[in-house]
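Residue-level structure breakdown
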Amino acid sequence: MDTRIEDRYPTRVAGEAKSLDRADPTVWGSESDGPIDAATLASHDAKGYSIVEGLLSPAEVQTYWQELVRLSSDEELKADERVITEKKFGEVRSIFEVHKISELISELVRDPRVLDRARQILGSEVYIHQSRVNYMPGFKGTGFYWHSDFETWHAEDGMPSPRAVSCSIALTDNYAFNGGLMVMPGSQRTFIQCVGETPEDNYKSSLKEQEIGVPSEHEITKLAAECGIDQFTGPAGSALWFDSNIMHGSGSNITPYPRSNIFLVFNSVENALVEPFAAAKPRPTFIGSRDFTPITR
Ligand code: 6CS
Ligand code: FE
């Protein structure tokens, strides 16, 4: 662990897990810093998430959906370590570093509708910490248990503060019944410590089913009582912006309707990764990028 950086969010503890107050803002920028209006910015600051209806047009959705189908049926790509398959049935579950694999998605990262919002929320220049497509296929897509992304990114990638934001763009209609993402509004203001040392190469199993870096049922119950649970549903093309530390999860999908989303994770260039705070070595760069060059158009 890099001794020069104070660990303000200790986690993967041995004893009893505690919940800590967040020592950082949720929104760093202001209304004049980008396209998000004051009311939406204030709501994002309070709830830790905000929704943009129709971020992509129906025509764009069609183009990106075809790209996702192309990627998931690329037999050569399936052998790539960046492709994670479902534990039980082997369907493609996620494709990481998709902004480097797909020219189309690398353009989306630079699109002002996306890049300018990320810069405004984080109040600085930004770079991509992680990008992925989560397919959540029909019938066999398994969900993601409750977790804070930042808890993992802090422990295993060395992200100092929760000054990162995810943009989840729906490429299929997101319903309550096909694995729509659930979030606990306001939970980003509390850092829930997790119990248990990080195993060697934890990512090789955690990206299929996370067991370490998962809060206790007691903590989740407390947080749900305080914050409640909202669910992101909406037509393809809508986008959910959510704070790196918001408690979230999704159920499995037994319906015929896939819930396929592109996730772009922006980190502030002021929050560059250091050594992991609770792991022996950093995860591979396709999961936690160590190229902090700001994105420019
Ligand atoms: O470990 C990670 O970085 C990934 N795991 C989850 C469950 N969400 C964030 C990210 O994709
Ligand atoms: Fe997550």
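As a reminder, the structure under discussion sits directly above these lines.
**Things to note about the overall build of the chain**
Helix and strand counts for the chain stand at nine helices and 13 strands. Computed over the C-alpha atoms, the radius of gyration of the chain is 18 Å, within 12% of the 19 Å expected from 2.2 N^0.38 for a compact globule of 297 residues. Overall, the C-alpha framework of the chain stretches about 50 × 45 × 40 Å when taken along its three principal axes. Taking all 297 residues of the chain together, the buried fraction comes to 56%. Where the 29 positive side-chain charges of the chain centre and where its 44 negative ones centre are 2 Å apart.

**Section: the packing of helix α2 (residues 58-72) against helix α5 (residues 103-110)**
Across the interface, α2 lies against α5 with an axial gap of 10 Å and an inter-helix angle of 135 degrees. Our classification of the angle between α2 and α5 gives oblique. As α2 packs across α5, the resulting crossing turns out to be left-handed. In contact with Thr-63, Tyr-64, Glu-67 and Leu-68 of α2, α5 contributes Leu-104, Ile-105 and Leu-108.

**Structural notes on the site of ligand 1**
Taken together, Gln-130, Arg-132, Phe-144, His-147, Asp-149, Thr-152, Trp-153, Leu-207, Gln-210 and Arg-283 make up all the residues around ligand 1. At 3.0 Å, a side-chain N or O of Arg-132 approaches an oxygen atom of ligand 1. Contact distances for ligand 1 include 2.8 Å between an oxygen atom and a side-chain N or O atom of Trp-153. Of all the secondary structure elements, the ones that give two or more residues to the shell around ligand 1 are β5 (126-134), β6 (144-147) and α7 (149-157). Sorting elements by how many residues they give to the shell around ligand 1 places α7 first, with three residues.

**Section: the coordination of the iron ion (ligand 2)**
Taken together, the protein ligands of the iron ion (ligand 2) are His-147 (NE2), Asp-149 (OD) and His-248 (NE2), with distances of 2.1 to 2.3 Å. Here the iron ion (ligand 2) binds four donor atoms, and the angle range of 80 to 175 degrees at the metal identifies the geometry as irregular. Expressed as a motif, the donor residue spacing for the iron ion (ligand 2) is H-x1-D-x98-H. Taken together, the residues His-147 in strand β6 and His-248 in strand β12 (residues 248-250) connect sequence positions 101 residues apart. Residues His-147 and His-248 agree in their burial class; the two are buried.

**What about the nonpolar core?**
The nonpolar side chains of soluble globular proteins are, as a tendency, buried together. Core analysis: the biggest nonpolar cluster contains 37 residues, and Ile-169, Trp-241, Ile-262, Leu-264 and Phe-266 have the highest contact counts within it. Listed by contribution, the elements that provide at least two residues to this core are α2, β4 (92-96), α5, α6 (112-122), β5, β7 (164-170), β11 (239-243) and β13 (261-268). By residue number, the principal contributor to this core is α6, which donates five residues. Among residues more than four places away in sequence, those in contact with Ile-169 are Leu-55, Leu-56, Leu-108, Ser-238, Ala-239, Ser-260, Asn-261, Ile-262 and Leu-264.

**Considerations on the pattern of salt bridges**
When the charged atoms of two side chains lie near each other, side chains of opposite charge can form a pair. One pass over the full model with this rule turns up 22 salt bridges. Of the charged contacts in the structure, one is a salt bridge between Glu-67 and Arg-70, with a shortest N-O distance of 2.9 Å. One end of the pair, Glu-67, and the other, Arg-70, are both in helix α2, three residues apart, so they sit about a helical turn from each other. Asp-111 is the partner of Arg-113 in a salt bridge, and the nearest nitrogen-oxygen pair spans 2.7 Å. Take Arg-113: its relative accessible area is 28%, and that puts it in the partly exposed class.

The rules behind each value
Residues numbered from 1 in each chain as written. Chains lettered and ligands numbered in written order. Predicted model: local features only at pLDDT ≥ 70, side-chain atom pairs only at ≥ 80, totals over all residues. Heavy atoms only, no water. Helix = DSSP H or I, 4+ residues; strand = E, 2+ residues; numbered from the N terminus. Rg over C-alpha atoms; globule rule 2.2 N^0.38 Å. Buried < 20%, exposed > 50% of the residue type's maximum accessible area, 1.4 Å probe, protein only. Lys, Arg positive; Asp, Glu negative; His and termini not counted. Charge placed at Lys NZ, Arg CZ, Asp CG, Glu CD. Axes fitted to C-alpha atoms, helices over the stretch in contact; angles between N-to-C directions. Parallel < 35°, antiparallel > 145°, perpendicular 65-115°, else oblique. Left-handed = near helix turned anticlockwise from the far one by under 90°. Contact = heavy atoms within 4.5 Å. Near = heavy atom within 4 Å. Polar contact = N/O pair within 3.5 Å; in protein donor to acceptor, adjacent residues only side chain to side chain. Donors = N, O, S within 2.8 Å, 3.2 Å for Na, K, Ca; no water. Tetrahedral: all angles 85-135°; square planar, octahedral: opposite > 155°, others 65-115°. Core = buried A, V, L, I, M, F, W, Y, C linked by side-chain atoms within 4.5 Å. Salt bridge = Lys/Arg side-chain N within 4 Å of Asp/Glu carboxyl O.

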